[in-house]
Amino acid sequence: MSATAPTVAALPANLAEHFPAGVVADTRKGYEGYVVGAAQLLQVAGAIRDKLGYNYLSSVTGVDYPESNQIEVVYHAYKTSGGPGLNFKVQADRNDPVVPSLVGLYPGAEFQEREIFDMYGVRFDGHPDLRRILMWDGFAGYPLRKDWKEPFFEEDLKPFASRWPGGDVRRSEELDPFGANVQYPPEFDPYEWTPETETAIYKLIQPKAGNGNGGHLKTDKLIVNIGPQHPSTHGVFRMVVVLDGETVVDLKPVMGYLHRNHEKIGERNTFLQNMPYTDRLDYLASMSNNHAYALSVERLMGVKVPERAEYLRVLMVELTRICSHMWAIGFLLNDLGAFQTPALYAIKERELILDLFEATAGSRMMCNYMRFGGVSRDLPAALRDENTMDFLRDLVNNRLSYAIDELDRFLTNSEILRSRCIGVGVLPAEKAIAYSAAGPLLRASGVNYDLRRADPYSIYDRFDFNVCTRPNGDVYDRYLVRIDEMRESVRICQQVVAGMPTGGEILAGKPQYNVRVPAGESYGRVENPKGELGFYVVSTGKTNPWRYHVRAPSFVNLTLLGEVCKGHKIADVVVILGSIDIVLGEVDR
Amino acid sequence: MIDELSNPDIPVPDELKASVTITTLDKIYNWSRRSSIWPMVFGLACCAIEMICTAASRFDISRFGMEVFRATPRQSDLMIVSGTVTKKMVPQIVRLYNQMPEPRYVIAMGACASGGGPFKEGYNVVAGIDKYVPVDVYVPGCPPTPQALLHGLIKLQEKIDSQSLRDVRWYKSETNEPVPVPVLGPDLMDPRQYQLIKQRALQAAAQAEA
Ligand code: SF4
């Protein structure tokens, strides 16, 4: 597929031809793509989508450059037919940043633009609902601006002088005037303060009383809050739902209850210190998060990963995919009301995979396994030994397939599952693409887009596997795609185990705790179990990233939740959310 | 079981040993509570996944009589704070805690809930749930393994065993005030500390001027 797509090199002429005035190539060292004038953005983006065919907006993010007094908004667009992407940027004045909103062209930008507004204070002209998304309304400041300091601020970059090499550790609370992780504007008086939170969202969806259901009955609409503490939300996620009887009229997701400031912390950390933090994004798939981050930094560093390490990476990542999909299916059934029993079956085999992770990386869930240029450890000696490779062989050749078949046999033809899932939460292909949906959600709508094939990375081009799609785009198809994908993952694992070189390096060069990364920008993405996970990294040539952004599939996939749920019954909302399969660590970061 | 409960100082005739036990009120009361702790279905972050694994077939929390996870705080005895406590979430956590009937217990599971963990420096993170609600057992780890959580639960049982009806807080004559729910302002505000916040904010402003 990638062979037929036009290469990036062919494009400059194109874009410049179209817009001689508004577009210039980005010539900063290590940067790529184009800088577009804010005034031309809508026009240029329209051409990029319609004339050049970049119909999938993967990521939108901001970068703060106080030196040039600019905030840059960076877009990464791709084609769903595959191939490399196009990266374009808009620069806005830091004192009053305004950028036209791309929501009209790419609805998938909605939440991402809100996030930039929240974190950088960039106003998006024409955005339908520009409110804070991760922090609460009324929070003071734009946290990701470089001159904004958090209450426990100690130094700009790690390692902090107090901790290393001296190791003079003290509690951060001792430095803060309030003795806690808080700060307030000067002369702030809490007694005088009136809360303003939450009014905005209710105003937005304020239900109009009246004849909701056809006229003859007078009905009231009702607002219901589901979450943030509710068993169906898979964590701390909240939906504000407007109901007419049991039918959903409007739905707004509210998030940020697990916003742990990955990106701010990540920009203080050294490059390698971020590796364990990536584990905690999608905490059901730590191995593949590692992989995405390693890929994007490796792209800047230009290292080549040794053969055995590539095989180990693919093995771990595919096992992770199986774990994650099993979890998703088990808990989808939970959401359907089959409380706990299917989930117990579904996560039974996961424990064996976790045993392998623990034996190899040292931890069940937070593996922190990959390094730039390889992996941190080889399989444990016992497993490399030919006789005891049996555990791994038995796992990938017998046990996993058996477990998947078992799930399939119990569930796929279950009357209840079928009647609750078929035709529910239908997402047509065009909409899925427009909303930047990713992963099984996208493929269940019939879009053949899997990064392992569409934009191959690592050594996936060597393996024989199929991209699984289904045509209907409903909850049932999402379930089926996950079952199919697990089977394909098992196939890949079998090929890995059969073809893995028996010895050799697992890390290029010698292990380094503090790598220096050449200046430039890089966007590395992988096909995570939940969808496309991307890391946008900007380096200034130092040991800490200047910008560290996570394009989280769970977060972007939620953009269409309201749209898909409208018109369904309230009980179906729970199932639709379950079929999207979100992890809050990644949604809120 | 009878052996576990009986008071060795008071002899029971042999023929009654199978059906009679003489014990203290404290003992039987604690024993029944520690053997049927109902945790709340309440997961915050990554640690919640290990909590679910603890409840699943391999580690099987029901061996301790704790498998009855309740989705409402009104029916729960134990809140396992399993994950990072953020400023945006902490009002809800405190409210949930207030809604739990006494006797109630709190386990801080993992580094985050105990003290902020890897995200402590984050601007939206509360450095440990014990800033707001009293914690009975801290379980270290990031995330704690299911074994570690089980160990924490056993510690909680030991704690319950050592309590006495005479001095537990929920049988005192004065009523227990609910924990004031934190408020989201320009930053998180603890209603118990408004005076302090006002004072310090003035001081800080004065210092900045000087
Ligand atoms: S302690 Fe570790 S595993 Fe647990 S919530 Fe915090 S970061 Fe996640």
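Note that the structure is predicted; figures quoted are calculated from it, not measured.

Student: Pulling in residues and values, what's your account of the overall build of chain B?
Tutor: Within chain B one finds seven helices and five strands. Based on the C-alpha atoms only, the size of chain B along its principal axes is roughly 85 × 45 × 30 Å. When each of the 210 residues of chain B is scored for burial, the buried share is 49%. Long-range pairs, those at least 24 residues apart, make up 72% of the contacts in chain B between residues at least 6 apart in sequence. As presented, chain B carries roughly 9400 Å² of accessible surface, and 55% of it is formed by carbon and sulfur atoms. Of the side chains in chain B, 22 bear a positive and 22 a negative charge, and the two mean positions are spaced by 7 Å.

Student: Go over the confidence of the model for chain A, please, and point to the residues and values.
Tutor: The predicted model of chain A averages 85 in pLDDT, with 94% of residues at 70 or higher. With pLDDT under 50 throughout, residues 1-12 of chain A is counted as low confidence; its partners more than four residues away or in other chains account for 16 contacts.

Student: With reference to specific residues and values, describe unusual backbone geometry.
Tutor: Here the amide bond leading from K158(A) into P159(A) is cis, since omega sits at -5°, within 30 degrees of zero. With respect to the secondary-structure elements, P159(A) resides in the loop between β7 (123-125) and α4 (199-205). That bond from C142(B) to P143(B) is cis: its omega, -10°, falls within 30 degrees of zero. Looking at the secondary structure, you find P143(B) in the loop between β3 (137-139) and α6 (146-161). Residue N69(A) is not a glycine yet carries a positive backbone phi of 55°. Mapping N69(A) onto the fold places it in the loop between β3 (56-65) and β4 (70-78).

Student: Now, about the layout of surface pockets: what can you tell me, with residues and values included?
Tutor: Of the pockets and cavities examined, the largest pocket occupies roughly 860 Å³. Lining the largest pocket are 38 residues, with F331(A), N334(A), Q340(A), V41(B) and I52(B) sitting closest to its centre. Those elements that place two or more of their residues in the lining of the largest pocket are β9 (229-230) and α8 (307-335) of chain A together with α3 (46-55) of chain B. Here the residues of the lining of the largest pocket sort into 24 nonpolar, 10 polar and four charged.

Student: Now, about the confidence of the model for chain B: what can you tell me, with residues and values included?
Tutor: Residues and elements named next belong to chain B. Of all residues in chain B, 99% have pLDDT values of 70 or greater, and the mean over the chain is 87. Per-residue pLDDT, averaged within each element of chain B, yields its smallest value for helix α1 (residues 2-5) (71) and its largest for β3 (94). For this predicted complex, the interface score ipTM comes out at 0.86, alongside a pTM of 0.89.

Student: Got a sec to walk through the pairing of strand β11 (residues 238-244) of chain A? Specific residues and values, please.
Tutor: Every other side chain in a regular strand lies on the same face of the sheet, so the side chains alternate between the two faces. All names here are of chain A. Among the seven residues in β11, seven count as buried, and that is most of the element. Residue alternation in β11 divides its side chains into two sets, R238, V240, V242 and D244 and M239, V241 and L243, and both sets are buried. Here strand β8 (residues 221-226) pairs with β11 via six bridges, running antiparallel. Bridged to K221 within β11 is D244. Two strands pair when backbone bridges link them, and β11 and strand β12 (residues 247-254) are joined in this way by seven bridges, in the antiparallel orientation.

Parameters at a glance
Sequence order as written defines the numbering, with residues in each chain counted from 1. Here the convention is simple: chains get letters from A, ligands get numbers from 1, in the order in which they are written. This being a predicted model, a pLDDT of at least 70 is required before a residue's local features are given, and a value of 80 or more before pairs of side-chain atoms are given or counted; all residues contribute to the totals for chains, interfaces and linings. Values shown for side chains rest on all heavy atoms present in the structure; no hydrogens or waters enter the calculation. Helix and strand labels come from DSSP, where a helix needs a run of H or I of at least four residues and a strand needs a run of E of at least two; each type is numbered from the N terminus. Burial classes: relative accessible area under 20% of the type maximum marks a residue as buried, over 50% as exposed, and values in between as partly exposed (1.4 Å probe, protein chains only). Should any heavy atoms of two residues lie within 4.5 Å, those residues are considered in contact. Only the protein chains shown count as cover for residues, with accessible areas throughout obtained via the Shrake-Rupley method and a probe of 1.4 Å. As used throughout, the charge tally considers Lys and Arg to be positive and Asp and Glu to be negative, leaving His and the chain termini uncounted. A charge is said to be at NZ when it belongs to Lys, at CZ for Arg, at CG for Asp and at CD for Glu. Per residue, pLDDT measures the predictor's confidence, with a range of 0 to 100. The rule is simple: put a 1 Å grid over the protein atoms alone, call a set of points where a 1.4 Å probe fits but cannot get out a cavity, call an open set with protein on both sides within 12 Å along at least five of seven lines a pocket, and count a residue as lining if it has an atom within 4 Å of a point. Grid points are joined across faces, edges and corners, and a volume is the space filled by probe spheres set on the points. Note on residue classes: Ala, Val, Leu, Ile, Met, Phe, Trp, Tyr, Cys and Pro are nonpolar, Asp, Glu, Lys and Arg are charged, and everything else, Gly too, is polar. In short, DSSP must find at least two bridges between two strands for them to pair.

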